[in-house]
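# Report on the structure
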Amino acid sequence: MEIKIKSDLHHVVIVGGGAGGLELATRLGKSLGRKGKAAITLIDRTRTHVWKPLLHEIAAGSMNPDKHELEYLAQAHWNHFRFRLGSMDGLDRAKREVYVAPFYDEDGIEIIPRRTFQYDTLIIAVGSTTNDFGIAGAREHSIALDTQDQAERFHRRLHNALVRAQTQEEPVRAGQLEVVIVGAGATGVELAAELHNTTRELAAYGLDKINPDRDIKISLIEASERVLPALPPKLSNSVEMELRKLKVHLYMGERVTEVTQKGIYTHTGRFIPSELVVWAAGIKAPDFLNNLDGLETNRINQLVVHRTLQTTLDENVFAFGDCAACPRPGYNENVPPRAQAAHQQASMLVSTVKRRVAGKSIPEYTYRDYGSLVNLGRYTTVGNLMGAISGGSMFVEGLIARFMYQSLYKMHLMALHGFFTVFLQTLARVITRRTEAKVKLH
Ligand SMILES: Cc1cc2nc3c(=O)[nH]c(=O)nc-3n(C[C@H](O)[C@H](O)[C@H](O)COP(=O)(O)OP(=O)(O)OC[C@H]3O[C@@H](n4cnc5c(N)ncnc54)[C@H](O)[C@@H]3O)c2cc1C
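### Here's the deal with the overall build of the chain
When you go through the chain residue by residue, the secondary structure sums to eleven helices and 29 strands. The C-alpha atoms of the chain give 23 Å as radius of gyration, which agrees with the globular expectation for 442 residues (22 Å, within 12%). When the 442 residues of the chain are sorted by exposure, 53% land in the buried category. Contacts spanning at least 24 positions in sequence make up 64% of the contacts within the chain whose residues lie at least 6 apart. For the chain, the exposed surface amounts to about 21000 Å²; the carbon and sulfur share of it is 52%. Of the side chains in the chain, 54 bear a positive and 48 a negative charge, and the two mean positions are spaced by 6 Å.

### Section: empty space enclosed by the protein
Using the criterion set out here, one finds one cavity of 30 Å³ or more in the structure. Space inside the largest cavity adds up to approximately 50 Å³. Considering the residues around the largest cavity, the lining is formed by Gly321, Asp322, Ala324, Cys326, Val335, Pro336, Pro337, Arg338, Ala341, Ala342 and Gln345. If you tally residues by element for the lining of the largest cavity, the top one is helix α9 (residues 339-357), at three residues. Residues that form the lining of the largest cavity fall into these classes: seven nonpolar, two polar and two charged.

### Here we look at the site of the ligand
Among the 30 residues in the neighbourhood of the ligand, the closest are listed as Gly20, Asp44, Met88, Asp322 and Ala339. In this structure, proline 337 approaches the ligand through a main-chain N or O atom, which is 3.2 Å from an oxygen atom. Residue glutamine 340 places a main-chain N or O atom 3.4 Å away from an oxygen atom belonging to the ligand. Within the complex, the protein chains bury 89% of what would otherwise be the 1000 Å² of accessible surface of the ligand. Elements with a contribution of two residues or more to the shell around the ligand: α9 and α10 (398-417). In terms of residue count, the dominant contributor to the shell around the ligand is α9 (three residues). In terms of residue class, the shell around the ligand is built from 14 nonpolar, eleven polar and five charged.

### What to know about the packing of helix α5 (residues 148-167) against helix α6 (residues 186-204)
Each pair of packed helices gets described by two things: the angle between the helix axes and the distance between those axes. Between α5 and α6, whose axes approach to 11 Å, the crossing angle comes to 45°. Here α5 is positioned oblique relative to α6, judged by the angle of their axes. In this structure, the crossing between α5 and α6 has a hand that is right-handed. Along the contact surface, α5 presents Phe154, Leu158, His159 and Leu162, while α6 presents Leu195, Thr199 and Leu202.

### What to know about the packing of aromatic side chains
Geometrically, a pair of aromatic rings is defined through the distance of the ring centres and the angle of the planes. On inspection of all chains with the given rule, the structure shows four aromatic pairs. Both rings, one in tyrosine 72 and one in phenylalanine 83, keep their centres 4.7 Å apart while their planes meet at 15°; by these two values the pair is stacked. With a gap of eleven residues between them, tyrosine 72 in helix α3 (residues 72-79) and phenylalanine 83 in strand β6 (residues 82-85) connect regions that are remote in the sequence. Among the residues examined, tyrosine 72 registers a relative accessible area of 3% and is labelled buried. For the pair phenylalanine 419 and phenylalanine 423, a centre-to-centre distance of 6.2 Å together with 15° between the ring planes defines the contact as stacked. One end of the pair, phenylalanine 419, and the other, phenylalanine 423, are both in helix α11 (residues 419-432), four residues apart, so they sit about a helical turn from each other.

### Digging into the domain arrangement of the chain
The domains assigned to the chain are domain 1 (2-128 + 285-357), domain 2 (138-281) and domain 3 (371-432). One C-alpha centre belongs to domain 1, the other to domain 2; they are set 32 Å apart. The interface is formed by 16 residues belonging to domain 1 together with 15 residues belonging to domain 2. A per-residue breakdown of the area domain 1 buries against domain 2 is headed by His56, Ala59 and Ala60, which together make up 44% of the total. Here domain 1 and domain 2 share zero salt bridges between them. Counting across the interface, domain 1 meets domain 2 through five residue pairs in polar contact (both at pLDDT 80 or more).

### Concerning the sheet that holds strand β19 (residues 263-266)
The sheet built from three strands is open, its strands ordered β18-β19-β20 with antiparallel pairing. One side of each edge strand has no neighbouring strand; the edge strands of this open sheet are β18 (256-259) and β20 (271-273). When the angles between neighbouring strand axes are averaged without regard to direction, this sheet yields 20°. In the sheet, β19 pairs with β20 via three bridges, with the strands oriented antiparallel. Note that in β20 the partner of glycine 263 across the bridge is proline 273.

### A few points about the nonpolar core
Taken as a class, soluble globular proteins show a tendency for nonpolar side chains to be buried jointly. In terms of nonpolar packing, the biggest core is built from 55 residues, with Leu122 and Ile124 touching the most fellow members. Here the element with the most residues in this core is α9; it accounts for six residues. Apart from residues lying up to four places away in sequence, isoleucine 124 is in contact with Val15, Met88, Leu289, Leu292, Leu303, Val317, Phe318, Ala319, Phe320 and Cys323. Judged by nonpolar contacts, the second largest core, of 53 residues, contains Leu202, Leu220, Leu243 and Val248.

### Some words on the sheet that holds β6
An order of β6-β3-β2-β12-β25-β24 is seen for the six strands of this open sheet, with the pairing classed as mixed. At either end of the open sheet lies a strand with only one pairing partner, and these are β6 and β24 (310-311). Both strand β3 (residues 38-44) and β6 contribute to a ladder of four bridges, which runs parallel. Bridge pairing links threonine 41 to arginine 82 in β6. In the packing of helix α1 (residues 21-33) onto the sheet, the strands contacted are β2 (10-15), β3 and β12 (121-124), and the crossing angle to β3 comes to about 160°.

The rules behind each value
Residues numbered from 1 in each chain as written. Predicted model: local features only at pLDDT ≥ 70, side-chain atom pairs only at ≥ 80, totals over all residues. Heavy atoms only, no water. Helix = DSSP H or I, 4+ residues; strand = E, 2+ residues; numbered from the N terminus. Rg over C-alpha atoms; globule rule 2.2 N^0.38 Å. Buried < 20%, exposed > 50% of the residue type's maximum accessible area, 1.4 Å probe, protein only. Contact = heavy atoms within 4.5 Å. Areas by Shrake-Rupley, 256 points an atom, 1.4 Å probe, with all protein chains shown as cover. Lys, Arg positive; Asp, Glu negative; His and termini not counted. Charge placed at Lys NZ, Arg CZ, Asp CG, Glu CD. 1 Å grid on protein atoms, 1.4 Å probe; cavity = no way out; pocket = protein on both sides within 12 Å on 5 of 7 lines; lining within 4 Å. Points joined across faces, edges and corners; volume = space filled by probe spheres on them. Nonpolar A, V, L, I, M, F, W, Y, C, P; charged D, E, K, R; others polar. Near = heavy atom within 4 Å. Polar contact = N/O pair within 3.5 Å; in protein donor to acceptor, adjacent residues only side chain to side chain. Axes fitted to C-alpha atoms, helices over the stretch in contact; angles between N-to-C directions. Parallel < 35°, antiparallel > 145°, perpendicular 65-115°, else oblique. Left-handed = near helix turned anticlockwise from the far one by under 90°. Phe/Tyr/Trp six-rings, centres within 6.5 Å; stacked < 30°, edge-to-face > 60°. Domains from an automatic or database assignment. Buried area = accessible area lost by both parts, 1.4 Å probe. Salt bridge = Lys/Arg side-chain N within 4 Å of Asp/Glu carboxyl O. Pairing = 2+ DSSP bridges. Core = buried A, V, L, I, M, F, W, Y, C linked by side-chain atoms within 4.5 Å.

Shown next, in the form of structure tokens:
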């Protein structure tokens, strides 16, 4: 089946409605789509959008996803673009066609057949997945936090483990209530702190046979010598001190060699018992990009792009966000896979597409690093902010850091809904918070 658009209209197809893609589709829909100057189609493999940096909070149970997910169909209806459900699996650049796999329901019944979409401009923003580096047992016995489903699955397993421990006759086994997180980057350390808080909250909601300090253990394993290896040492030290206060077990300089049902082996021969392993070490772009009609990719499957975000071999195909390897002049690395980069690139692409439709030249992207913030749940937030004028970095913590951390999500919401709606939503949450449990109880 082929989806036809009025032939004289420039057709922009965006694949992936995540942190970057949904902002782009919304803003293009509100401008070009509403004025009838271009047709905008967004394709995503899921029906609803949740901002990915919230996934560790969903996994820990400190955030209820129902309150933060957005229906793509409704967003498309309100903002003058079309949404199509499905997973891109191929491309024909000569014909300018995107291929989308058939869509099956949970029972394996095909509900949407294979489809083809024609484009004038194609923008790929399919994000990244966790990279398990092919380590034995990692895929089978650990959970990644790439999707809302995975985050919710982890939460259910954690909750079930606590309920089982509460009702069993025998004492808690070694590893039964031990969560091991592989990778002490921002995702790993934030998850460790959230879990410390929510496991105590859950135990307080009637799981009285569990003594969190005695029975629940949270461990972080990291191949580098310090937590947050990609961030400045001062930030690592400050976060490490907090984690030690929370009695999170830190195994630094330990490389995981195997994951089993019962726990983890590291290269020093250590075995850490755990029935709940989260893999949060490294990312790669989805495998299908490696085979996308010859487009250039790097060793982690990212599409290699110029600073215009056009892929190196096809000027009609753009890529951005985590799935793109975008050069960063003056640095030995590409633009980092961060929500703030996806947000900035989406903003630039709004202008790029408008200029392309009008036949004008297009801009180049420069990554603006505003610094990094690490949120240790209700305990503290720390970060380094980059000075706008001096370019130096400034250490921040506490309330100011928390406010800055939250503002990245607010910026995403404002790109999707506008200032007034976000203001009302925030107010409503503040009012209803008192009547809700502090953790998700199922
Ligand atoms: C737990 C966690 C915490 C994080 N915290 C932070 C943070 O504090 N600050 C920060 O800057 N970054 C953070 N990040 C990183 C940030 O989430 C990503 O950099 C950002 O989401 C990338 O945006 P994106 O649009 O490229 O991809 P995503 O937001 O991942 O969106 C990709 C979209 O593509 C869709 N998709 C995938 N494959 C297909 C396909 N074949 N066909 C159709 N659709 C497809 C997916 O369903 C998804 O909707 C965090 C990440 C995680 C996992």
